[in-house]
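Read off the chains here:
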Amino acid sequence: MNNSVRIKVLDLIDSGYWKSVQWKEWADAVILKFDEPPYWVIELSTVKNSGEAISILRESLAEIHYEDDINHKSIILGYMFLRYKEKEINLKEFLTLAWQETEAEEDVGSPSNSDIFEMYEACNNSSGADEKFEIIVDRVCKKFSYNAECAAKALLEVNGYK
């Protein structure tokens, strides 16, 4: 199986976009599709929580000298943004997660950590029902549209393996 898909599955789980139901359904479909599915897919279908799933994926990627670097932050931020757009989390939760994700390193094509913190501060200083809040929402949507596009493309690739 393509290592790119494995990395994208890790991004889906690591971002919180996929819950155990989604990754187990995906893994079960892959297992049924292949005569000899990869061992990590079999393991993924049996784990109970995201921590275990992430560990399995990172261990399997370590075998191919994978390093968890900033290249996937755009996609992870995109999935986090989609969680906000799908109303799974609110704007403050999204900005907190995005800020934490970008705290260590920056990624080309993603809003900077300082931009995210500025939006978070503006969100905290808004009542949530005023014009200022709408401006913040609009700014967030513009800043993260690229990330959402990256995430949507990655999800299509992963789902193409069913």
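Since the structure is predicted, the reported quantities are computational estimates derived from the model, not experimental observations.

Some points on the pattern of salt bridges
In this structure the tally under the stated criterion is eight salt bridges. Linking Asp-14 and Arg-58 is a salt bridge whose minimum nitrogen-to-oxygen distance equals 3.4 Å. With a gap of 44 residues between them, Asp-14 in helix α1 (residues 3–14) and Arg-58 in helix α4 (residues 50–62) connect regions that are remote in the sequence. By relative accessible area, which is 29% here, Asp-14 ends up partly exposed. Glu-88 is the partner of Lys-19 in a salt bridge, and the nearest nitrogen-oxygen pair spans 2.7 Å. Taken together, the residues Lys-19 in the loop between α1 and α2 (20–33) and Glu-88 in the loop between α5 (73–85) and α6 (91–102) connect sequence positions 69 residues apart. Under the relative-accessibility criterion, Glu-88 is labelled partly exposed at 37%. Because the salt bridges share partners, they merge into one network encompassing Lys-19, Arg-83 and Glu-88.

Things to note about the packing of α1 against α4
Relative to each other, α1 and α4 sit at 155°, their axes nearing to 10 Å. Here α4 runs roughly antiparallel to α1, going by the angle between their axes. Of the two possible hands of crossing, α1 and α4 adopt the one that is left-handed. Counted together, Asn-3, Arg-6, Ile-7, Val-9, Leu-10, Ile-13 and Asp-14 of α1 and Ser-50, Ala-53, Ile-54, Leu-57, Arg-58, Ser-60 and Leu-61 of α4 form the full contact between these two elements. Here the residues of the contact of α1 with α4 are counted per class, giving eight nonpolar, three polar and three charged.

A closer look at the side chain of Asp-11
Of note, Asp-11 is situated in helix α1. Although buried, Asp-11 forms no salt bridge, and the nearest oppositely charged side chain, Lys-8, lies 6.6 Å from it. Contacts of Asp-11, omitting those with residues within four sequence positions, involve His-72, Ile-75, Ile-76 and Tyr-79.

Thoughts on the nonpolar core
Ranked by internal contacts, the top residues of the largest apolar core, which has 48 residues, are Trp-18, Trp-26, Leu-44, Leu-91 and Phe-94. Sorting the residues of this core by element identifies α1, α2, α3 (39–44), α4, α5, α6, α7 (113–124) and α8 (131–159) as the ones contributing at least two each. With 11 residues, α8 is the largest single contributor of residues to this core.

Observations concerning the packing of aromatic side chains
As enumerated under the stated definition, the model contains nine aromatic pairs in all. With 5.7 Å between their ring centres and 40° between their planes, Trp-99 and Phe-117 make a pair best called tilted. Residue Trp-99 is located in helix α6, and its partner Phe-117 is located in helix α7; the two are separated by 18 residues in the primary sequence. Through pairs of rings, three or more aromatic residues link up here, namely Phe-81, Tyr-84, Phe-94 and Phe-144.

Analysis parameters
- Residues numbered from 1 in each chain as written.
- Predicted model: local features only at pLDDT ≥ 70, side-chain atom pairs only at ≥ 80, totals over all residues.
- Heavy atoms only, no water.
- Salt bridge = Lys/Arg side-chain N within 4 Å of Asp/Glu carboxyl O.
- Helix = DSSP H or I, 4+ residues; strand = E, 2+ residues; numbered from the N terminus.
- Buried < 20%, exposed > 50% of the residue type's maximum accessible area, 1.4 Å probe, protein only.
- Axes fitted to C-alpha atoms, helices over the stretch in contact; angles between N-to-C directions.
- Parallel < 35°, antiparallel > 145°, perpendicular 65-115°, else oblique.
- Left-handed = near helix turned anticlockwise from the far one by under 90°.
- Contact = heavy atoms within 4.5 Å.
- Nonpolar A, V, L, I, M, F, W, Y, C, P; charged D, E, K, R; others polar.
- Lys, Arg positive; Asp, Glu negative; His and termini not counted.
- Core = buried A, V, L, I, M, F, W, Y, C linked by side-chain atoms within 4.5 Å.
- Phe/Tyr/Trp six-rings, centres within 6.5 Å; stacked < 30°, edge-to-face > 60°.

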